[in-house]
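Spelled out from the first residue to the last, the chains are:
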Amino acid sequence: MAFHTFDVDRANELEKTDRYRFLSREELLDLLDPSPEDVVADLGSGTGFYTDEVAPFVGTLYAVDVQTEMHDHYREKGLPPSVELVTAEVGDLPFDDDALDDAFSTMTYHEFATPDSLAELARVVRPGGHVVTVDWSARGDGADGPPVDERYGLGDAVTAFADAGFATIHGVERRETFVSVVRREL
């Protein structure tokens, strides 16, 4: 599959509220179920659209993105006090083993879905911790999001996470997206 990152010249599109039709704030918070002391990472945070929704509910939220320009956009918008910017690939995260209580990815799984990246998540997410993934589905029509040939299905994600040591506790395939919640095995 071809992997790409979101074009930084289109960063303002990441702030459009019509994104909520694919994943609402309430749904994300329900899936993640954060606690005030949690340490969480937003994988592919972009301009912080969904990061901002989770930040008030956790102790520390790492906004992880490979593009420093996306962090520049986020800084200009203003960072919540609990957010720390991290420029890194998901396959090479600068966190200690078991450092994260949870992680989430909103419409970016297709950008990092490799065995190395999922093994890295298994290293940094503590045993019993969760990874919430909402991404564009391979079953979608491609009207929104990346080209269909760059997408994965729920079954692909379930298998890939299982191979990395995660157990699926929730999964659903929707019209344009899929939702996956996995727990790191103890």
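Structure first, text after, so check above.
Summary of the structure given here.

Definitions and cut-offs
Residues numbered from 1 in each chain as written. Predicted model: local features only at pLDDT ≥ 70, side-chain atom pairs only at ≥ 80, totals over all residues. Heavy atoms only, no water. Phe/Tyr/Trp six-rings, centres within 6.5 Å; stacked < 30°, edge-to-face > 60°. Helix = DSSP H or I, 4+ residues; strand = E, 2+ residues; numbered from the N terminus. Buried < 20%, exposed > 50% of the residue type's maximum accessible area, 1.4 Å probe, protein only.

On to the packing of aromatic side chains, then. Scanning the model with the defined rule gives ten aromatic pairs in all. Centre to centre, the rings of Tyr109 and Phe112 are 5.6 Å apart; their planes meet at 80 degrees, and the pair counts as edge-to-face. In this pair, Tyr109 and Phe112 are both assigned in helix H4 (residues 109-112), three residues apart and thus about one turn of the helix distant. On the basis of relative accessibility, which here comes to 1%, the residue Tyr109 falls in the buried class. A relative accessible area of 8% places Phe112 in the buried class. For the pair Tyr109 and Phe178, a centre-to-centre distance of 6.2 Å together with 85 degrees between the ring planes defines the contact as edge-to-face. With Tyr109 in helix H4 and Phe178 in strand S7 (residues 177-184), this residue pair connects regions lying 69 residues apart in the sequence. Each member of the pair Tyr109 and Phe178 is classed as buried. Joined through ring pairs, the aromatic side chains of Tyr109, Phe112, Tyr152, Phe161, Phe166 and Phe178 make up one cluster.

Before going further, it helps to spend a moment on unusual backbone geometry. Despite not being glycine, Asp33 shows a phi value in the positive range, around 50 degrees. Its relative accessible area of 58% is what places Asp33 among the exposed residues. Positive phi values are uncommon outside glycine, yet Met107 reaches one of about 65 degrees. When you line up the elements, Met107 lands in the loop between strand S4 (100-106) and H4. Its relative accessible area of 10% is what places Met107 among the buried residues.

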